[in-house]
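Listed here are the chains, written in short residue letters.
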Amino acid sequence: MEIMMRKMRRKWWIAGLLHALAVWNIIEAQIRYTIPEELNEGTVVGNIAKDLDLKLSEVFERNLRIASESGKQYFGVDSAKGELVVSERIDRETLCSQSATCLLPLEAIVENPLQLYRVEIEIQDINDNSPVFQNNEKVLNIAESTVPGARFRLEAAQDPDVGSNSLQTYTLSKNEHFTLDMKLAKDGSQVPELVLEKPLDREKQSTISLMLTALDGGKPARSGTAEITVFVLDINDNSPVFEKAQYDTKLAENTSPGVVVVTVKAVDPDEGLNNEISYSFGPHTPDLVHNLFSVDSVTGEVKVKNKIDFETDNSFDFDIVARDKGTPPMEGLCSLHLDILDMNDNAPEIVLKSLPSPVREDAPVGTVVALISAKDLDTGDNGKVSLTLLPGVPFSLKPSISNHYTLITDQKLDRESHSVYNVVIVAADSGSPQLTSKQEILVSVLDVNDNPPVFTQPFYTVYVKENSAAGSILCSVSASDPDQGENAKVSYSVLDSRVLDTPVSSYIYINSDNGSIYSMHSFDYEKMKVFQIQVQAKDHGSPSLSSNATVHVFILDQNDNAPAVIYPSAVMGSVSHQRMPRSAKAGHLVTKVTAVDADSGHNAWISYRLAEATDASLFSVNLHTGEVRTKRSVSEQDDSSQRLLIEIKDNGEPVQSTTVTVDVLIEDGFHEPISDYRKKSTEISKKSGKITLYLIISLASVSLLCLMTFFILLVKCARGSRGSSSCCIRRSESGYKNPNRNLQIQLNTDGPIKYVEVLGGDMMSQSQSFGSYLSPMSEFSDFTLVKPSSTTDFTDTLNVLDASLPDSTWKFESQQVGAFFEISVWQAFILIIIVISSFYSVLRGVIMCLDMNVLCFTRLHCCILFFSRESRWFIA
């Protein structure tokens, strides 16, 4: 028999498995599988990947997984095959108790993008439980006076199986006194009753043993038995009878202990002890009922004993027995059906179906972040749940299928403002009073390269001494990027540009990691005073972003140049020869030593000193001008040949110096051929008349063109000032001063030229020579009339002067070293007046040059120099 039952069970399991593999339905986007209970672990339920239209590769890539609302994970997914398999033993009776249909709801979740599918597993019952009597032995005390037809309720067997596998019928062992009859209970179940058909006779048989068998409808059928022992009693032949055979009442859950649910009452027509009744629970009352309720044995009051929870049990059915105190005692029985009323005592629960995914800060509005569901164990309005978000976050909840929501973005995100959001979800039911619950989730924002590096300052100013060692650090630039990770890593580079027609990369080097700028070689102030470079900071994002900053490098002058002697020039020999008459008086200008220093500022201040002399009492040297004059009148006793060693020093640190030797020849009867030289000068002036005319026309044309250009610029500024109260004009540092007839030209103190000399007239005439010298306490040059410096041929002197002066003396520097400033429209009118005045000043300077009775070549040098300085003053 046991072997046959095992074979039948195996056939049923195989048939159920084949049915589960073949049967699946998709109803309203839901997939349903049907399987029998008690399947082994690893049994295949169905190919869920195929049923969800997922490729096999997507099962792993999209992380297909199964979630169960019951909390237990009965099923899993074989990621290699995409099959839904049993991962834990399934007992239908544990899951669904006596329900006719057992559905296990599941949720299939896939990611990238997040999607949710409803899956239902129908668990079919197999006949794996036999009918069981709670008490295998039943004792009945029946008075012998009991008339035939009396009924005695027996314990009903319990079979957890359902359908055809549930309890179907009862059988009673053969006897001559009792038969078995069935009574239909209120819930539709059959309750066996023992019916007395033949009167009992205690004297013939005081005890009767019966066997009650319960059979289910399975194949093969299962059975359970209970032994019934009937004691035949004498006397007390009336049993207590309840006022109602069935009591129906309702009770709210969470009712306080001690509250009376219902009061039952029974009566007994006997007298004495046979009439005294005590109440108690029926013999088959479950332990749960004993734990929750109590029965007063005297009054019949059924009271609440412990807290009752609707969500655990929503109804109770049990029996109350009334027993008298006769001998033998007689008992009556009634049934109590108790419905529990739901109260809103359960707060809604928020369930995260998937952990929130990090969101890129450039994610579009509507991006799904997480899947969320809500449930409430209460029923009706008490179980209706709505989800909301606390304000202040750029997210919203979008309802989907029943009580399921998707958390999506509803605004643009900015990681630099908020890198993590604490999203608070509030669930509220519709009960009264309303219950709520909260769930906090953290949503991280992933960085996107949307911010370029930013320098700490847009302009950097660096001062570096000339002749500094190569490889020394000039400065460090710094830029920060509010992004994160690789997007925040900054590399520094120098943009391609040229300085003095040389790539800037040959001058400096920048550390790409920390922004430190180093010199590639030493700088020479006399060649380059200032230059600028463009530094670029670029992050490592994709695509990378960058920003630029300008670094102005100013070279600081050092005293690295000794004074250079312009006159007497070295081309004339190592010793300069000068002549003077013996009749010279005190203060007579013998010669003038002229030197320049390529340095600037204090380093270029030159002083002259008579270091050695044949007769130191005869000559003196002016400290600032270098003029060599007699200290007294020349006497007949003075040597005719005098040698002077003149030392020329600058004002730098350390001091640089040079010397020049001058031999002075004192002659008797020495005179100055002024008249011959003037005739020669007159002839030269006539020949150069046309050249002078061309010079005047050229200077006037250039000045007029300059005036028109600046006038147009002012008109544009005036028009632009209608929308803005100012316009920008470049300001130069150069200036010009011309008090009376002494020309004072402000020289660029950063330039190498500190001295210029223009000579004219007769070689021997003291009134026809023009000298310019730089005072140590002034930055201006004064053109003054001095005596002739020597009797050397005037043409040679001009050649020496022209060769000695650097080219930059006569060049108009186009690069403006200045700053921007703002002028208003009413100030433009004043500027126009200044321009016109400057134009006439230029012409006046030209006329002054022409009035000088000098050679055309000398006059040209004078005019160009004057015009260059006038133009700089005009621009300033």
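Above this note sits the structure.
To start, this report covers the structure provided alongside it. (Residues numbered from 1 in each chain as written. Predicted model: local features only at pLDDT ≥ 70, side-chain atom pairs only at ≥ 80, totals over all residues. Heavy atoms only, no water.)

## Focus: the overall build of the chain
A tally of helices and strands in the chain yields 10 helices and 59 strands. For the chain, the residues scored as buried account for 43% of the 876 residues in total. Partitioning the contacts of the chain with sequence separation of at least 6, the portion at a separation of at least 24 is 68%. For the chain, the accessible area works out to roughly 45,000 Å², and carbon and sulfur atoms hold 53% of it. (Helix = DSSP H or I, 4+ residues; strand = E, 2+ residues; numbered from the N terminus. Buried < 20%, exposed > 50% of the residue type's maximum accessible area, 1.4 Å probe, protein only. Contact = heavy atoms within 4.5 Å. Areas by Shrake-Rupley, 256 points an atom, 1.4 Å probe, with all protein chains shown as cover.)

## Quick word on the pattern of salt bridges
Side chains that carry opposite charge are capable of pairing whenever their charged atoms lie near each other. Taken as a whole and judged by the stated rule, the model has 25 salt bridges. The closest approach of N and O atoms between K198 and E176, which form a salt bridge, is 3.2 Å. In this pair, K198 sits in the loop between β13 (190-196) and β14 (207-216) while E176 sits in the loop between β11 (167-172) and β12 (178-184), placing the two residues 22 residues apart along the sequence. Judged by relative accessible area, which is 39%, K198 ranks as partly exposed. Sharing partners across several salt bridges, the network here consists of E107, R118 and K353. (Salt bridge = Lys/Arg side-chain N within 4 Å of Asp/Glu carboxyl O.)

## A closer look at the state of the cysteines
Inspection of the entire model under this criterion finds 1 disulfide. The disulfide partner of C96 is C102, and the gap between their sulfur atoms is 1.9 Å. For the disulfide bridge between C96 and C102, the dihedral angle about the S-S bond is near 60 degrees, and by the sign convention the bridge is right-handed. C102 matches C96 in its accessibility class, with the two residues each being buried. (Disulfide = S-S within 2.5 Å.)

## Some details on the nonpolar core
Membership of the largest hydrophobic core comes to 27 residues, with the highest contact counts inside it found for F455, V477, I517, F531 and V551. Looking at this core, the elements that each hand over two or more residues are β34 (459-465), β35 (473-476), β37 (490-494), β40 (508-510), β42 (530-539) and β43 (546-556). Discounting chain neighbours no more than four positions away, the residues touching V477 are F455, Y460, Y492, I510, N514, G515, I517, V535 and V551. (Core = buried A, V, L, I, M, F, W, Y, C linked by side-chain atoms within 4.5 Å.)

## Describing the sheet that holds strand β28 (residues 385-389)
Reading across from one edge, β26-β32-β31-β28 is the order of the 4 strands in this open sheet, with mixed pairing throughout. Bordering the open sheet on either side are β26 (359-360) and β28, each of which pairs with just one other strand. Here 9 bridges tie strand β31 (residues 420-429) to strand β32 (residues 436-446), and the two strands are oriented antiparallel to one another. Looking at β32, one finds that V423 is bridged to I441. (Pairing = 2+ DSSP bridges.)

Read these as layout, nothing more, since geometry by itself doesn't imply function.
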